[in-house]
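# Chain and residue survey
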Amino acid sequence: MDTGNMNANAPCPYAIEVENLTKRFRVRHMETLKSTLLGLRGRREHVEPFTALDNVSFTIPHGQTVAVIGRNGSGKSTLLGILARIYVPTSGIVHLWNTRCQRARLATLLELGAGFHHELTGLENIQFFAAMLGMSEKEIDARTPQIVAFSELGDKIDTQLRTWNDGAKLRLGFSIAVHTDPDILLIDEVLAVGDEAFQQKCYRLIASLQAQGKTILFVSHDLLAVERVAERVLWMHRGVIRMDGDPRTVLDAYRAFSAEQGG
Ligand SMILES: Nc1ncnc2c1ncn2[C@@H]1O[C@H](COP(=O)(O)OP(=O)(O)OP(=O)(O)O)[C@@H](O)[C@H]1O
Ligand SMILES: [Mg+2]
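Within each chain, residues carry numbers counting from 1 in the order of the written sequence. Here every chain gets a letter starting at A, and every ligand a number starting at 1, in the order they are written. Local features in a predicted model are, by the rule used here, given only for residues with pLDDT of at least 70; side-chain atom pairs are given and counted only at 80 or more, and totals for whole chains, interfaces and linings are based on all residues.

### Structural notes on the overall build of the protein chain
To keep it simple, the criterion reads: Working definition: helices are DSSP H or I runs of at least four residues, strands are E runs of at least two. Numbering for both runs from the N terminus. Computation of the radius of gyration draws on C-alpha atoms alone. For the globule rule, the value is 2.2 Å times the number of residues to the power 0.38. Using C-beta atoms placed from the backbone, we call a residue buried if 20 or more other C-beta atoms fall within 10 Å of its own, exposed if 12 or fewer do, and partly exposed for counts in between. By the convention adopted here, residues make contact when the C-beta atoms placed from their backbones lie within 7 Å.
The number of helices and strands found in the protein chain is eight helices and nine strands. Computed over its C-alpha atoms, the radius of gyration of the protein chain comes to 20 Å, within 12% of the 18 Å expected for a compact globule of 263 residues. A principal-axis box enclosing the C-alpha atoms of the protein chain has dimensions of 65 × 45 × 40 Å. The buried share of the protein chain, reckoned over its 263 residues, is 33%. Pairs at least 24 residues apart make up 74% of the contacts formed inside the protein chain by residues separated by at least 6 positions.

What follows is the structure, encoded as structure tokens:
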């Protein structure tokens, strides 16, 4: 995957460029039931490739907020995982740029508690994360109180993460992600575990990031939130982009499709 610096003179109108992205997983099938039915002893195993993303291409200009929707298993998290460099694609190219044509600073919120150290306290995790993102000690000292205040975690911030509930992990993860000055923010679903008040607060902050010109790509099954927040919607279906356009058009088509499937 090439995410290196582009020629400084080259134009880079896009924050995210995805070209012919394919991801195949090797899925191990255990034929326990079949073996039993056939009276065979033990389990047989075979490995089959599964294409989670199939030659996906799109671009997202700087400052756009895009929602990714689609049924369970359609490839949404796989796509964000590749953009976040958690998965290596089977083939294809991803470029992530900031407006100065340098490698973009990413903030990701893909899985609750992912990347955290559960034996460390909330505060220690903030410092660890900020240092990993390349922030200086001075920057970390300046940002930490903002992160703690936004999370509203109170004294919990001084306790180890292993005892935390999901909502608390979301509060910490979201607060860190949005206060570390990212160019691009990737969010997969996790907002759903926040209580109503915290979700509202997250959406207000997302609006302020939008106003600052950040690029946001988020996965959600909450179509009302998508309608409220997104400027554009990608509908993924079986590893391909089935539709890409303005929220109203894509959501209408997706709702009609879902009603047909459910009915
Ligand atoms: N590590 C893996 N190994 C094998 N198959 C995988 C792996 N990760 C994902 N898959 C498969 O790839 C497909 C796409 O999964 P993905 O998690 O991207 O879907 P999704 O659109 O995020 O679904 P959901 O709405 O349920 O979160 C699924 O069929 C899933 O089982
Ligand atoms: Mg997912």
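Having seen it, we continue.
### Details of the pairing of strand β6 (residues 184-188)
Consecutive side chains along a regular strand alternate between the two faces of the sheet. Put simply, the rule is: One bridge is not enough; two strands pair if DSSP finds at least two bridges between them. Crossovers are marked right-handed if the path from the first strand over the helix to the second runs clockwise, as seen with the strands pointing away from the viewer.
In terms of residue burial, β6 counts as a mostly covered element, since five of its five residues are buried. Side chains of β6 alternate between two faces, with Ile 184, Leu 186 and Asp 188 and Leu 185 and Ile 187 buried alike. The sheet contact formed by strand β5 (residues 106-109) and β6 spans four bridges and is parallel. In the sheet register, Leu 106 faces β6, and the bridge partner there is Ile 184. What joins β6 to strand β7 (residues 215-219) is helix α6 (residues 196-211), and the crossover it makes is right-handed.

### As for the nonpolar core
Quick reminder of the rule: As used throughout, a nonpolar core is a set of buried Ala, Val, Leu, Ile, Met, Phe, Trp, Tyr and Cys residues joined through C-beta atoms within 7 Å of each other.
If you look at the biggest cluster of nonpolar residues, it comprises 59 residues, and the most contacted ones within it are Val 68, Leu 186, Leu 217 and Val 233. When residues in this core are grouped by element, the largest group, seven residues, is from helix α5 (residues 166-178). Leu 186 has contacts with Leu 80, Leu 83, Ala 84, Leu 106, Thr 108, Leu 110 and Leu 217, leaving out every residue within four places of it along the chain.

### Here we look at the sheet that holds β7
The condition is simple: To obtain each axis, a line is fitted to C-alpha atoms, and for helices this fit is confined to the stretch in contact; angles are then taken between N-to-C directions over 0 to 180 degrees.
Read from one edge of the open sheet, six strands run β5-β6-β7-β3-β8-β9, paired in mixed fashion. Looking along the sheet, the strands with just one partner apiece sit at the ends: β5 and β9 (240-245). Pairs of neighbouring strands in the sheet enclose a mean axial angle of 15 degrees, with direction left out of account. In the packing of helix α8 (residues 247-262) onto the sheet, contacts are made with β3 (65-69), β8 (232-237) and β9, and the angle to β8 comes to roughly 30 degrees.

### Concerning the packing of helix α4 (residues 137-151) against α5
Which entries qualify depends on this criterion: Note on angle classes: values under 35 degrees are labelled roughly parallel, values over 145 roughly antiparallel, values of 65 to 115 roughly perpendicular, and the remainder oblique. Helix crossings are classified by the rotation of the near helix relative to the far one: an anticlockwise turn of less than a right angle makes the crossing left-handed, while a clockwise turn makes it right-handed. In the scheme used here, Gly and all other residues not listed as nonpolar or charged are polar, with Ala, Val, Leu, Ile, Met, Phe, Trp, Tyr, Cys and Pro taken as nonpolar and Asp, Glu, Lys and Arg as charged.
In the contact formed by α4 and α5, the axes pass within 9 Å of each other and the chain directions differ by 140 degrees. Put simply, α4 runs oblique to α5. The hand of the α4/α5 crossing is right-handed. Contact with α4, carried on its side by Ile 147, Phe 150 and Ser 151, involves Arg 171, Leu 172, Ser 175 and Ile 176 of α5 and no other residues of that element. Classifying every residue of the contact of α4 with α5 by side-chain character gives four nonpolar, two polar and one charged.

### Points about helix α2 (residues 76-83)
The buried fraction of α2 is high, at seven of eight residues. By the burial criterion, the buried members of α2 are Lys 76, Thr 78, Leu 79, Leu 80, Gly 81, Ile 82 and Leu 83. Where α2 terminates, the next one or two residues include Arg 85, which has phi positive at roughly 65 degrees.

### Quick word on the site of ligand 1
We apply this condition: In this entry, near means the residue's backbone-placed C-beta atom lies within 6 Å of the molecule or strand.
All residues adjacent to ligand 1 are Phe 25, Val 27, Phe 50, Ala 52, Gly 70, Asn 72, Gly 73, Ser 74, Gly 75, Lys 76, Ser 77 and Thr 78. When residues of the shell around ligand 1 are traced back to their parent elements, those giving at least two are β1 (14-30), β2 (45-61) and α2. Per element, the largest residue contribution to the shell around ligand 1 is three residues, and it comes from α2. Its residues assigned to classes, the shell around ligand 1 shows four nonpolar, seven polar and one charged.

### Some points on the confidence of the model for the protein chain
Regions with low pLDDT should not have their predicted coordinates read in detail. Formally: As a per-residue measure, pLDDT tells how confident the predictor is, with possible values from 0 to 100.
Chain-level pLDDT for the protein chain is 89 on average; 92% of the residues reach the 70-or-more range. Note on residues 1-9: pLDDT is under 50 here. Beyond four places in sequence and across chains, it has 17 contacts.

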